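Close look at the chain arrangement
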Amino acid sequence: MIYSKEIEEMCKVAKGVDHGPAPIPEEGKWVKSKEIKDISGLTHGIGWCAPQQGACKLTLNVKEGIIQEALVETIGCSGMTHSAAMAGEILVGKTILEALNTDLVCDAINTAMRELFLQIVYGRTQSAFSEGGLTIGAGLEDLGKGHRSQVGTIYSTLAKGPRYLELAEGYIVEIGLDKDDQIIGYKYVNLGKMMENIKKGIAVEEAIEKASGKYGRFDEAVKKIDPRKE
């Protein structure tokens, strides 16, 4: 340690109060975290790239400072999907400090890691008050049985109005309109379920039908349109 001449010539004054860090909630406990291994929790973070053409939702499950589980979801940029593939391999097994200072390939994923790191070290995790935290695998449950991200894609113009393309239920194949041409429901295909059906050997047409559903007052519609063509 190198001290300046001014510091060396100072007399020493004893440090008085030293009560340590404030406790933060972690997995049902109040913890005074002093080292990376003192940090545990599951939470989510959102990040975006510099040109803001894509975004990432990152979910990490941290146990004693080590990332045990990672879910990387991206939207808006084709390159981000490949970056996410690499980040998924990079993240697990690292401490949260290592992960914060590791190139996760994509700006959006790096930004998500930064935002998520802040939540974790300040005790703002999803599992802050869950005794024992959440099991490894809890992040995967966010995707549901179809193992697909929750995606909403809506396109709209002033001239022709909105087109629902994909919602939580799945890929929209038809939009139902009432007599005033207002949307009152839609028909969808759950792509995750459809692919599972096809993998089981079910014929494509039947696989699609088994994975299809309706939402709202679709059956009452006076007009039904394909949102990608009409």
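Everything here concerns the structure above.
Not measured: the values here are computed from a predicted model.

**Re the pairing of strand β3 (residues 41–48)**
Extensive coverage of β3 is indicated by the burial of six of its eight residues. Note: β3 against strand β4 (residues 55–63), eight bridges, orientation antiparallel. Bridge pairing links I46 to K57 in β4. Taken together, β3 and the strand that follows it, β4, pair antiparallel across an intervening segment of six residues, in which Q52 is found at a positive phi of about 55°.

**Some remarks on a nonpolar patch on the surface**
On the surface, M1, Y3, I7 and M10 cluster together to form a nonpolar patch covering roughly 530 Å² of accessible area. Counting through the fold element by element, I7 comes out in helix α1 (residues 5–8).

**Digging into helix α4 (residues 107–121)**
With 15 residues, α4 should cover 21 Å at 1.5 Å per step; its first-to-last C-alpha distance of 21 Å lies within 8% of that length. What α4 keeps buried is the set A108, I109, T111, A112, M113, L116, F117 and I120. Where α4 is buried, its residues touch β1 (24–26), β3, β4, β5 (66–75), α2 (78–91) and α3 (96–100). Where α4 ends, the next residue or the one after it, G123, has phi of about 75°, a positive value.

Calculation notes
Each chain has its residues counted from 1, following the order in which its sequence is written. Where local features are concerned, this predicted model is filtered to residues with pLDDT of at least 70; where side-chain atom pairs are given and counted, the filter is 80 or more; whole-chain, interface and lining totals use all residues. By convention in this description, side-chain values take in all heavy atoms of the structure and omit both hydrogens and water. Each residue is assigned to one of three classes by its accessible area relative to the maximum for its type, calculated with a 1.4 Å probe on protein chains only: buried under 20%, partly exposed between the two thresholds, exposed over 50%. Secondary structure elements follow DSSP: runs of H or I of four or more residues count as helices, runs of E of two or more count as strands, with numbering from the N terminus. DSSP bridges decide pairing: two strands pair if at least two such bridges lie between them. Exposure above 30% relative accessible area and no salt bridge define the residues that can form patches, which grow by joining like charges within 9 Å and nonpolar side chains of Val, Leu, Ile, Met, Phe, Trp and Tyr within 5 Å. Residue-level accessible areas treat just the shown protein chains as cover; the underlying method is Shrake-Rupley with a 1.4 Å probe. For this document, the term salt bridge refers to a Lys or Arg side-chain nitrogen within 4 Å of an Asp or Glu carboxyl oxygen. By definition here, a helix of n residues has an expected span of 1.5 Å times n minus one. Any two residues whose heavy atoms approach within 4.5 Å at even a single point are treated as in contact.

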